[in-house]
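Residues per chain are reported as follows:
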Amino acid sequence: MPPTLYMVPSSPPVRAVQITAKALGLKLVEKHLDFQKRENLQPEFLKINPQHTVPTLVDDDGFILWDSHAINAYLVSKYGQSDSLYPQDLKKRAIVDQRLHFDSGVASVRASDVMLPIRRGEKTSLDDNDKHKLGEVYAFLDTFLDGHEWIADDVVTIADYSIYSTVSSSNVFIPIDPDKYPRLQAWFHKVEALPETEVSKPGLRIFAGRVQSRLKQLP
Ligand SMILES: N[C@@H](CCC(=O)N[C@@H](CS)C(=O)NCC(=O)O)C(=O)O
């Protein structure tokens, strides 16, 4: 029996897990939760994940894990034919982990800070502070890419998938300026062209449609 993924298609971290599963050739049973109906706050789901977040994975043996970064590392370690997406080599893995923590602790947090007030209808435009917050993330990422093909290594890793999922969402609000962040822009197009990222695009389109309908002035 394939692992089950509790998910919402528009969620950036869910999309990162979908991409990783696709890259591994792993089929997941996707269980959609309806956040409007607060299905993630119902007792049945809270028993699985008391933090009530998606993505949440339940593996074939009942093992439960949440947080997209942890899930992706687990999936590659358990189901990967090789370690290239999450290398065993101590230093290579340390760099991938650093990028994953950057996504988890900086990039996705700032993206949420900017996006959530708009998604909730509390704001209909972006201010300079929003632009500064995401601009700084783009600048950091552009620097990480100096001398590197991919975000953490010379090969694609799960750090590319997580950061792509976050940046493809931020890009809806504040498009990457190719003059300021040429390496980031080039990397973004390369990740977008990877066949495994296709699986995440319907969810990204839902996300973009919702956000754009709430923004008075499109970027
Ligand atoms: N760091 C987590 C973030 C998970 C997260 O916050 N997911 C959001 C959707 S994008 C969620 O489930 N929110 C519902 C809630 O917190 O109740 C990850 O990478 O999985």
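All figures in this text were calculated on a predicted structure; none of them were measured in a lab.

Reading guide: rules and limits
- Residues numbered from 1 in each chain as written.
- Predicted model: local features only at pLDDT ≥ 70, side-chain atom pairs only at ≥ 80, totals over all residues.
- Heavy atoms only, no water.
- Helix = DSSP H or I, 4+ residues; strand = E, 2+ residues; numbered from the N terminus.
- Rg over C-alpha atoms; globule rule 2.2 N^0.38 Å.
- Buried < 20%, exposed > 50% of the residue type's maximum accessible area, 1.4 Å probe, protein only.
- Contact = heavy atoms within 4.5 Å.
- Lys, Arg positive; Asp, Glu negative; His and termini not counted.
- Charge placed at Lys NZ, Arg CZ, Asp CG, Glu CD.
- Near = heavy atom within 4 Å.
- Polar contact = N/O pair within 3.5 Å; in protein donor to acceptor, adjacent residues only side chain to side chain.
- Areas by Shrake-Rupley, 256 points an atom, 1.4 Å probe, with all protein chains shown as cover.
- Nonpolar A, V, L, I, M, F, W, Y, C, P; charged D, E, K, R; others polar.
- Phe/Tyr/Trp six-rings, centres within 6.5 Å; stacked < 30°, edge-to-face > 60°.
- Lys NZ or Arg CZ within 6 Å of the ring centre and 35° of its normal.
- Pairing = 2+ DSSP bridges.
- Axes fitted to C-alpha atoms, helices over the stretch in contact; angles between N-to-C directions.
- Parallel < 35°, antiparallel > 145°, perpendicular 65-115°, else oblique.
- Left-handed = near helix turned anticlockwise from the far one by under 90°.

Trainee: Tell me about the overall build of the chain, residues and numbers included.
Mentor: Within the chain, the secondary structure is distributed over eight helices and four strands. Traced from its N-terminal end to its C-terminal end, the chain shows the element sequence β-α-β-α-β-β-α-α-α-α-α-α. Computed over the C-alpha atoms, the radius of gyration of the chain is 17 Å, within 12% of the 17 Å expected from 2.2 N^0.38 for a compact globule of 219 residues. Overall size of the chain, expressed as C-alpha extent along the three principal axes, is 50 × 45 × 25 Å. Per-residue burial for the chain yields a buried fraction of 47% across its 219 residues. Long-range contacts, defined here as pairs at least 24 residues apart, represent 68% of the contacts in the chain between residues at least 6 apart. Side chains of the chain carry 26 positive and 29 negative charges; the gap between the two charge centres is 6 Å.

Trainee: Any chance you could break down the site of the ligand for me, citing the residues and the numbers?
Mentor: The ligand sits among Ser11, Pro13, Phe35, Asn40, His52, Thr53, Val54, Pro55, Asp67, Ser68 and His69. Contact between the ligand and Asn40: an oxygen atom at 3.2 Å from a side-chain N or O atom of the residue. A distance of 2.9 Å separates a nitrogen atom of the ligand from a polar atom in the side chain of Asp67. The fraction of the free accessible surface of the ligand (510 Å²) that becomes covered by protein chains is 67%. Taken together, the residues of the shell around the ligand break down into four nonpolar, six polar and one charged.

Trainee: Describe the packing of aromatic side chains, with residues and values.
Mentor: The geometry of an aromatic ring pair is captured by the separation of the ring centres together with the interplanar angle, meaning the angle of the planes. Under the definition given, this model contains seven aromatic pairs. With centroids separated by 5.1 Å and ring planes inclined at 75°, the aromatic side chains of Phe102 and Phe144 adopt a geometry described as edge-to-face. A residue pair is termed long-range when its members are at least 10 positions apart, and Phe102 in helix 4 (residues 90-119) and Phe144 in helix 5 (residues 128-144) qualify at 42 residues. Taken individually, Phe102 and Phe144 each receive the classification buried, so the pair is uniform in this respect. Three or more aromatic residues link up through ring pairs in this structure, and these residues are Phe102, Phe140 and Phe144. The positively charged end of Arg15 is found above the aromatic ring belonging to Phe207, 5.5 Å away from the centroid.

Trainee: Pulling in residues and values, what's your account of the side chain of Ser165?
Mentor: You can see Ser165 is positioned in helix 6 (residues 158-173). A distance of 2.9 Å separates a polar atom in the side chain of Ser165 from the backbone oxygen of Tyr161.

Trainee: Explain the pairing of strand 1 (residues 4-7) residue by residue, including any values.
Mentor: Neither face of strand 1 is exposed, since Thr4 and Tyr6 on one face and Leu5 and Met7 on the opposite face are all buried. Here strand 1 runs beside strand 2 (residues 29-32); their pairing, made up of four bridges, is parallel. In the strand pairing of strand 2, Thr4 is matched with Val29. Two strands pair when backbone bridges link them, and strand 1 and strand 3 (residues 56-58) are joined in this way by three bridges, in the antiparallel orientation. In the sheet register, Thr4 faces strand 3, and the bridge partner there is Val58.

Trainee: Report on the packing of helix 5 against helix 6, specifying residues and quantitative values.
Mentor: Two elements in contact, helix 5 and helix 6, have axes separated by 12 Å at closest approach and are oriented at 140°. Considered as vectors, helix 5 and helix 6 are oriented oblique to each other. Where helix 5 crosses over helix 6, the handedness of that crossing is left-handed. Contacts from Leu134, Tyr138 and Leu141 in helix 5 reach Ile163, Val167, Ser170 and Asn171 in helix 6. Here the contact of helix 5 with helix 6 is built from residues that sort into five nonpolar, two polar and no charged.

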